[in-house]
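Here is what each chain is made of, one letter per residue.
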Amino acid sequence: MILSRETRKRGYNMKTFILLYFLGLTCKKVSAMDNSTKVYYMELRTEKSIPDNYISDILNNFKIDNPVSVDTFKITTDCVPLENQTQCTCELGHIWSEAVCQSSPNCCQQKNCTFKNLNTKPMCLPETRVTVDGLLTIPGEVYYESLSNPQSAEYMALYNKLLPQMKALYSTLNSFDNIRITGFSRGSVIVHFELTFNNISADDLAIKTAELQKTLNATFTLETTGLVEITVPEGPVKYGSTQTIFCQTKEDMKPIKWALTSSQNKTNDVTTGTESTVTPTSRNFTVVLRQASEVWEGLYMCVFNPKSSNVTINHRASATLDIALLPQIDISSTPQFPDCSMVNNENRILVTVQCEINNIAENYKVTWSTTHTESPLNNRTDVTSNSIIYRIDTTVSCRDSEKPTVTCTFMNVLSQERNATVNIPVIYKNSNYCNADGDWPKAKAEFQAVLKCKDGIGKRKRLCLNNRYWNDEISNCVNVDLHDILMDSQNLAIGLGSVEKNAGDIFSRLNSSTFTPNSINTYANINASVSILSTMYNVINASQNNYTLNDAQLKDALSSSSNLLDGALDKSWEYPSDIGNTSMAERYLLSVEGLVKQSDVQNITYQHTNVELNGCKPETSCENKVFNVTVIMKTSSNLVKTIGFKSLSKYLPQKEQNDSEPNSIVVSTTIGKGSGAISIDFQLINKRPRNHMIQCVYWDFTKHQWSDKGCKWGGPDKENHCECNHLSSFTTLMSKNPEIIPYMNEITYAGLAVSIVSLLCCLVIECLVWKSVVKSSVSYCRHTAHINICLCLLIADCSFLASAFPDKIPENWCQIFVVVKHFCYLAMFFWMLCLSIMVLHQMIFMFHQMSKKVCLGVCFFVGYCCPLLIVFITFITYNSGEENVYYTSDTCWLVYKGFLKGSIFTFILPVGTIVVINVFCMIVVIMRLLRPSIEVNTKDEKEVVKGILKAIVLLTPIFGGTWIFGFFVLVFDITKGPTAFLVNYAFILLNAFQGLFILLTTYFGEKTVRVALLKYFKIKVSSQITYNLFIGLKQLDVMS
């Protein structure tokens, strides 16, 4: 039994008496072992002169045995009337009741309190008092609307049915005070009730509730206050300081959670994060805040559960942490750039400076300081629903060249300060400036103009250049919904909120906010979205419970990721001019890959427009397919996850691969733990041109660039195939330029130079020996063909050298050189065709002399008209010689676009045909020359082979046989390796030096030319020496 004692004024004549209030409870045994107990409150009034110890002795000797047994009397409150008020004191171990704390908040934290009126009874209750709020769910019971009316018969019937049963059982607990049913609600039937105890064991409460739950065949949910003690630092505490909050229990319990309710009545769990650490034990539950700030101010609540019970019971305690806050200050001046360019130097210009902070319940002392301005005037404050704006007026001089500044300083109740300074760039008469442009004001050169975002959060900036031109605008405006999501994700990162409760909501909102590309088509919005994904990945990865994304959360995360790769957002991924390469795409890749790794992907495919995920559970190997890219991996891992990203490869920076470009999507594969070998068949975005190398690369998150370490390309025969010995994010890079053969250019230029000199020598020799060697119509036609072949090749080689460096010649000259080379090389081959047919004709019809006029007419028509017609038709057909259609300015030559594609084939096909015909003619000639020797059998096999080789050597250059290696060059891709290199070197050597070979074989190798040349220089040569040197050429000389 608990008493409150009230002492009247001295001299008030009243006997000591005790009033008992039984409150209608019938005391009886509930079971054979348990008695019903109850705490009664009574008021004892005595004369003030009676000593306290005398009253205590009386109470200790007071006994009641029937009908109830009184165990203990305790005095809770001692009150003394003083004139028109009453002074009361809580006894040791007692605190003011909730009713007193509500009516007199100042009394709540004190032991002594003075009451001017007694509308609320000044009652103290034990510190160990426990309040229980409970819900009792009765399955199968039908809820009627009348149960919401306490006066209805249904309400009273259910009330009278349940209350006695609940009271009878709960009253067997020691220090039981009261139980009452407060109402009923829908959900079958849910009974709301309250219990109060002056002291209770958590285990006893759980046992009794479990017993009652079984008796009523119902489900209980209880929340207790008083079994857990919370300790919060006495406030206000310093901003940015480290604070510790802890809860204690007297019994072993299971700590469940910390929760924080802010001043905006928003409740979040408190978990371990970058700014908080939560440490649970069986009797202590601690939160350490490493940096006290506005997000950590509010009402803290800790929750414990019984260690083992089939009843849901939350034991909780709560207290408020008060922090002396410091504001985030946004300072600005109006005008931003005071304009003195049009006024007298003696003038001063009025400037208004404002400091804006969030509207929070904190009293600040605000001071202003200035440099090179007049003292602040007209200090005023404007308050809105969201902010408080402090303004002052000042003036700046148009004569001074110093930089005026204004600073506002905010001091909190603990004398902590935070300030912000604004520079005021004055436009003087000699200053460069940019004129006003739209909503951008007139600005001083080399300074940034700053404007607030109209439809978002953040600021817009624009630099005025020294040349009086505006730079491009840099917008940091983030959509309000994206900003709110970002703040929520960052709160999760610092420890405010639980991943389990908030992750689904954040991914769902992010998916909705990024669904429409036009609403997020700025760098700031893309960056904010990527930051949300990155923050969520870090939070989930650091989760102490090894949290994994469920199916719905993963779908929203992948859908959001896909939205960010929409083609309409290409320019939004580009970095503003004043922002370095922050590798936003790399953060995106790392985040999405990490989220997928932290998800429970089953053997299904998640398909979105720009992101696709596939997972499989392998036995010995696994094959995943995303966006037509096949990934095969041999592993015994539980789960293999493969994700494909469209367009991402072009956003990832290429630091050391400037000569190559991405040519496939990015594919990432993970197996949870460990690594393994992987093979990938990509779908190439662009067809690989000949001789262009493809690299199989992965993203190196350490070096922040693509790397080919551990990866191998399948080669030109399997150009879309990659194999790597590790896991990561892969793609292919295709070189922008064809592979270069070492020393190819040097050999070509040297060979052409030698050829040009040799061809000039050939023409000079023809002039010198013409009369001596031209004795018949056949020799006339043959030497005419020689001259035209040399002349066409000479002009073509000169044009080739002249256009060897396309970037150093005028653009139109490149086209001219292409036409000249196209015509001259074709003309050379057509004259070679004429020559080979002449030789074939002479060999077959040895005694038939061809008319000189007919021969020359046919040769000149075929040699010049045919190539001219081909070049003309090609030029007209390919968009009148348009660049990249008829020719390419990179090489000043015809265009190759694949097999039988491109203008190059108007050269290759005629040349190929002519080379085949010439080779055929050469074979016929050789067979004809060897025929007499075979019939007579006058030569042995060595002589026959020697004669064949000499004939091939002599006829190949002038018949264009060396160009046959060009077909092998087309067949062998340079990327094949050594074989392709050998073929290309052979082609370059034989054709770059073709002029030299013609000189050696056609001129120096022909006896009549050689003798005529020596005769011209009056050099006598032994016929025996001549015979020994050119024994194999006798038949050709006779033919000539």
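Calculation notes
Residues numbered from 1 in each chain as written. Predicted model: local features only at pLDDT ≥ 70, side-chain atom pairs only at ≥ 80, totals over all residues. Heavy atoms only, no water. Buried < 20%, exposed > 50% of the residue type's maximum accessible area, 1.4 Å probe, protein only. Helix = DSSP H or I, 4+ residues; strand = E, 2+ residues; numbered from the N terminus. Pairing = 2+ DSSP bridges. Axes fitted to C-alpha atoms, helices over the stretch in contact; angles between N-to-C directions. Disulfide = S-S within 2.5 Å. Parallel < 35°, antiparallel > 145°, perpendicular 65-115°, else oblique. Left-handed = near helix turned anticlockwise from the far one by under 90°. Contact = heavy atoms within 4.5 Å. Nonpolar A, V, L, I, M, F, W, Y, C, P; charged D, E, K, R; others polar. Core = buried A, V, L, I, M, F, W, Y, C linked by side-chain atoms within 4.5 Å. Salt bridge = Lys/Arg side-chain N within 4 Å of Asp/Glu carboxyl O. pLDDT = per-residue confidence, 0-100.

A. View of the pairing of strand β37 (residues 640-645). The buried count for β37 comes to six of six residues, which makes it a mostly enclosed element. The alternating pattern of β37 places V640, T642 and G644 on one face and K641, I643 and F645 on the opposite face, and all of these are buried. Strand direction decides the pairing type here: strand β34 (residues 611-616) and β37, joined by six bridges, are antiparallel. Bridged to V611 within β37 is F645.

B. Main features of the sheet that holds strand β20 (residues 312-321). Judged by pairing direction, the sheet is mixed, and its eight strands sit side by side in the order β10-β11-β9-β12-β20-β19-β15-β16 without closing on themselves. Either end of the sheet is taken by a strand with one partner, and the two such strands are β10 (176-186) and β16 (267-270). Strand-to-strand twist of the sheet, defined as the mean angle between neighbouring strand axes without regard to direction, takes the value 25°. Where β10 lies against strand β11 (residues 189-197), nine bridges are found, and the strand directions are antiparallel.

C. Summary view of the state of the cysteines. Inspection of every chain in the model, using the stated rule, returns 14 disulfides. Note on cysteine connectivity: C340 is disulfide-linked to C398, with sulfurs 2.0 Å apart. Measuring the twist about the S-S bond at about -70°, one finds the C340-C398 disulfide to be left-handed. In this pair, C340 sits in the loop between β21 (330-334) and β22 (348-358) while C398 sits in the loop between β25 (387-397) and β26 (405-411), placing the two residues 58 residues apart along the sequence. An identical accessibility class is assigned to C340 and C398; each is buried.

D. Layout of the packing of helix α5 (residues 480-494) against helix α6 (residues 499-513). Viewed as axis vectors pointing N to C, α5 and α6 meet at an angle of 160°, and their least axial separation amounts to 10 Å. Regarding the angle of α5 to α6, the classification is roughly antiparallel. Pair α5 / α6 crosses with left-handed handedness. In this structure, α5 contributes D481, L482, D484, I485, D488, S489 and L492 to the contact, and α6 contributes V499, N502, I506, R509, L510 and S513. Counted by class, the contact of α5 with α6 contains six nonpolar, three polar and four charged residues.

E. Structural detail: the environment of N344. Examined against the element boundaries, N344 turns out to sit in the loop between β21 and β22. Considering only alpha carbons, one finds N344 and C398, 54 residues apart in sequence, at a separation of 7.4 Å.

F. Main features of the sheet that holds β25. The strand order β21-β22-β25-β24 describes an open sheet built from four strands, whose pairing is antiparallel. Each edge of the open sheet is held by one strand with a lone partner, namely β21 and β24 (377-383). The average angle at which neighbouring strand axes cross in this sheet is 20°, direction not considered. Pairing of β21 with β22 involves five bridges; the strand directions are antiparallel. Counterpart to I331 in the pairing with β22 is C355.

G. A look at the nonpolar core. Judged by nonpolar contacts, the single largest core of 86 residues is most densely connected at M166, Y170, F184, F197, F220, W258 and Y300. Here this core gets seven residues from one element, more than from any other, and that element is helix α3 (residues 153-170). Excluding anything up to four places from it in sequence, Y300 contacts I230, I245, W258, A259, L260, V270, L289, A317, S318, A319 and L321. In terms of nonpolar packing, the next biggest core, distinct from the first, is built from 63 residues, I789, A796, F829 and I926 among them.

H. The pattern of salt bridges, seen in detail. According to the stated counting rule, one finds 26 salt bridges in the structure shown. A salt bridge links R380 to D393, with the shortest nitrogen-to-oxygen separation between them at 3.2 Å. With R380 in strand β24 and D393 in strand β25, the pair connects residues that are 13 residues apart, well separated along the chain. R380 gets classed as partly exposed once you look at its relative accessible area, which sits at 31%.

I. Representation of the confidence of the model for the protein within the structure. Confidence in the prediction of the protein, expressed as mean pLDDT, is 84, and 88% of residues score 70 or more. Predicted confidence for residues 1020-1040 stays below pLDDT 50, and this span has 23 contacts to residues more than four positions away or in other chains.

J. Spotlight on unusual backbone geometry. The peptide bond linking T334 to P335 adopts the cis configuration, its omega dihedral lying at 0°. Unusually for a residue other than glycine, N217 sits at a positive phi of about 55°. At N628, a residue that is not glycine, the phi angle is positive and equals roughly 65°. Inspection of the secondary structure assignment puts N628 in the loop between β35 (621-626) and β36 (629-634).

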